[in-house]
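Architecture at a glance
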Amino acid sequence: MNREKLLNTAVILLLLAIPLWAHMAEEPFLITLATKVAILALAGVGLNIALGIGGLVSLGHAAFFGIGGYAMGILAAHAQNYEPLAEWPMLIEGTNQMPVIWLVAVVASALAALVIGALSLRTSGVYFIMITLAFGQMLYYFAISWTAYGGEDGLSIWVRNEFPGLNTLVPLEFFLICYVILCAALWFAARLARAPFGLALSAARQCEARVETVGITPYQLRLTAFVISGAITGLAGALFADLNRFVSPTMLSWHTSGEIMIFVIIGGVGRLFGPVIGAALFILLEHLLGGISDYWQIYLGGLLLIIVLYARGGVIGAISGREVAHD
Amino acid sequence: MTDMTDPSGAGQVLKVSDLSKSFGALQASKNITLDLRAGEIHALIGPNGAGKSTLIKQISGELRPDSGSVSLLGRPVDDLDRVARARMGLGRTFQISALAMEFTVLQNAVLGALGARGGVFRFLGNVMRDKALVAQAEHALERVGLLSDAKRRTADLSHGQRRQLEVAVALTLQPKLFLMDEPMAGLGAGGSQALTGFLDTLRHEAPILLVEHDMDAVFALADRISVLVYGEVIATGTTEEIRNNAEVQRAYLGEEEPV
Amino acid sequence: MSLILILEQILNGLQFGVMLFLMAAGLTLVFGVMGLINLAHGALYMVGAFAAAIVAAWTGSFVLALVASLAAAAAAGALVELLVIRKLYDRDHLDQVLATFALILIFSEGTRWVFGSFPLFLDVPSYLSGPISLPGGIEYPLYRLTIIAIGLVVAAGLFWLIARTRIGIQIRAGESDREMIAALGVDISKLYTLVFALGAALAGLAGALVGAIQSVQVGMGEPVLILAFVVIVIGGIGSIKGAMVGALLVGLTDTLGGVFLPQLFGLFMEPASATSVGASLASMLIYILMAAILLVRPSGLYGGQH
């Protein structure tokens, strides 16, 4: 086992061990933090498929995160008010069942990613960055002006949604749900990177001409990657909203996109566990620095600047060497 | 202009008719007509800046000509992009290596085999454990003499080895014709000789349109040669005819005495 | 819906567009010449507004405040260019995005640290406040009209600078070929600092001018930054002319859409939902415009092939 794999194993076990210990020590706040790490890491795993493998610098992933969040908020709000979502052409009721909410979140964010991706992937480079950012902001402003679902104030639900057979109100049980989903996503991302699709997508990032010359269209690869990426980030959004029992336009704002990207980079872009380590560090910093100063993001900015200018492999790169492993 | 193209069109794998392309005031291609027939190596020579690469790009579909037409295997391909032309069987190597530099040598070759086979949209399953793909990739690497380097990172290869890998990736596509843009550059005498020997046998699998500066290789390999000067084909003919063509001597070979 | 209302809204859209142009011009120049995407451009807008508010509070002079906004933003821009941005020219876009995002965090939180979260106020000077009568019986705020005038003068100056001066020639040469301008004996790093500071100064001026209508607060530059991106995508990267056309299109579309779409929906819907649907749709209008232009011209109205 090389150092990166060792580190990955340690991190994923630690992420499980801490909440288990906190559960016994009756420190629910720690469990909530660990849950937040797992959920943000999931969002990062999604982004990393587009960004790390595909090289698509999307500054609009908050759109998918927020759509997932609103999928939860809207369905749950209708369920708690006993108002159907639609009566025509067929009766659609709200729901407080997580699996249904997740499905809706994944489908809705995948559709949004399909539309946004289809348009923005017609361009590349700096255009792509600005356009993904702009479409993300469009949804942000839309959410603000959409008063039916809370507008600027967002949407609260009273009780966390349910999962068959579990009591989601127990912090540890909700954590375990998120943890299992994160592990599944990591497994999928690892398989994807090695699969024919991952090989071609990675090649398209490194050299577009090469991919075209062997008869593969980069646009289709990238659009598919963007949709998968958006769907995973959307699922993370639904969980995040459930964790807070609240969704607001902030989830859609470009700062959220930037933050997801930041912790993917801090962890190590293109590394399987980059998002996990990055999210953990991000939450840790937020609470350590946040305890010292209200203006902790200054330090975050400084740290990010140093990493970008001087340590481009992120944390995993610093620990296990710069080369991204391929086998 | 000496035009030796086959008027009947029999056995034409590639046909370029009356192709023109300008960049602003610079006319890079001027009414270029040439063809490539089954079983042959057709060399394209000319001084730097004569428009060889521009012509290759128009044939492969990277650049659109201003006017004129390209046919592959008897079918006009002017409306097809380079992906579609690659799928029709056009295998191309680049003058400046276009390879996935983070990949191993084998991964680059597997990518070629994957492109040829199809099935890119598979999300599970380790592509490097796909026996058929790897076998095809390794076979191609072996043919160009790179199999022993299969595990090396492409970025660590020498320039010559990258050219060999370019050829290997093109081989994995099992193309109907090859477009090779200076495959010998950076190879050194030994490598160049080995590749010359290999291309000599390769022509029977698929004909080659060969852009090359190495005149020894060109005169050893080519069935026919076209000479491009200032975007214009000033002569096409057998090696013998080109060697004895006064216009070519003046325009191009003057200072560089052929073998 | 009267003609006067429409004309008034057109002037509002024009004013908004002109301010967007000041933002977008710097961004598009920096991209065109240095190939750099700068998310921190909105921070420079904020710096200009804060400098203006402070100097106005000190001296009571609006003109001095504007001068201060130009100077402070240019100085901040030059400093940032020397310390950070210059290390990013040869990096990929991802690094540029991250580093300039880091700069936003530093600038925003730093400003919040020093000035707090409460907005500062920058008052319109008495000689520019109040309405003025325009031909046709339109009463229009003099200050907004002044903004339009200043914006147009700056735009004209910028066109002149690019088209006619030595620096403009160097800038245009830098867009097409970095090596060529090095061969011309131009000190590239000085030119880059200058272009960056110029872009920053324009953003700072816009911040100060708008700051007198809205409030001067942390984060004020970000919504404008994103609109400026939309402007650049529409106009085409690197093109000053594209930035002008894009800015006016976005300014007019956003302003007119915000006012008239709810009224339009009111024609066939009940008033409450017409207002809500109209407002939601109006907030998306410029992005829909951007998408439509992208479908037809992926590199913008006046874009080359970046």
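Presented here is an overview of the structure given in this document. (Residues numbered from 1 in each chain as written. Chains lettered and ligands numbered in written order. Predicted model: local features only at pLDDT ≥ 70, side-chain atom pairs only at ≥ 80, totals over all residues.)

**Here's the deal with the interface of chain A and chain B**
Facing 25 residues of chain A, the contacting portion of chain B comprises 32 residues. For the side of chain A that touches chain B, the elements supplying multiple residues, two or more each, are helix H6 (171–194), helix H7 (196–206), helix H8 (208–213) and helix H9 (218–244) of chain A. Tallied by class, the residues present in the side of chain A that touches chain B amount to 13 nonpolar, 7 polar and 5 charged. (Contact = placed C-beta atoms within 7 Å. Helix = DSSP H or I, 4+ residues; strand = E, 2+ residues; numbered from the N terminus. Nonpolar A, V, L, I, M, F, W, Y, C, P; charged D, E, K, R; others polar.)

**Describing the interface of chain C and chain A**
Between chain C and chain A, the residue contacts involve 36 residues of the former and 36 residues of the latter. Split into classes, the residues belonging to the side of chain C that touches chain A amount to 26 nonpolar, 6 polar and 4 charged.

**Points about the pairing of strand S1 (residues 12–23) of chain B**
Residue and element names in this part refer to chain B. Inspection of the sheet shows S1 paired to strand S2 (residues 26–37) by 8 bridges, in the antiparallel sense. Within the sheet, the bridge partner assigned to lysine 15 lies in S2 and is aspartate 35. Counting the residues between successive antiparallel strands, the hairpin from S1 to S2 contains 2 residues, one of them, glycine 24, with a positive phi of roughly 60°. As paired strands, S1 and strand S4 (residues 67–72) are joined by 5 bridges and run antiparallel to one another. Residue pairing for S4: lysine 15 is matched across the bridge by serine 71. (Pairing = 2+ DSSP bridges.)

**Quick word on the sheet that holds strand S10 (residues 232–237) of chain B**
Residues and elements named next belong to chain B. Taken together, 6 strands build an open sheet; the order of strands is S6-S7-S8-S3-S9-S10 and the sheet is mixed. Edge positions in the sheet fall to strand S6 (90–93) and S10, since each has one partner strand and no second. Sheet twist, expressed as the average angle between the axes of neighbouring strands with direction ignored, equals 15°. Inspection of the sheet shows strand S3 (residues 41–45) paired to strand S9 (residues 224–229) by 4 bridges, in the parallel sense. Note on S9: the bridge partner recorded for histidine 42 is arginine 224. Together, S3, S6, strand S7 (177–181), strand S8 (208–211) and S9 form the strand contacts of helix H1 (residues 52–60), whose direction differs from that of S7 by roughly 150°. (Axes fitted to C-alpha atoms, helices over the stretch in contact; angles between N-to-C directions.)

**Concerning helix H5 (residues 142–164) of chain C**
The end-to-end C-alpha distance of H5(C), which contains 23 residues, comes to 32 Å, matching closely the 33 Å that a straight helix rising 1.5 Å per residue would cover. Close packing links the buried residues of H5(C) with helix H1 (3–34), strand S2 (138–141), helix H8 (188–211) and helix H10 (240–266) of chain C. (Expected span 1.5 Å × (residues − 1).)

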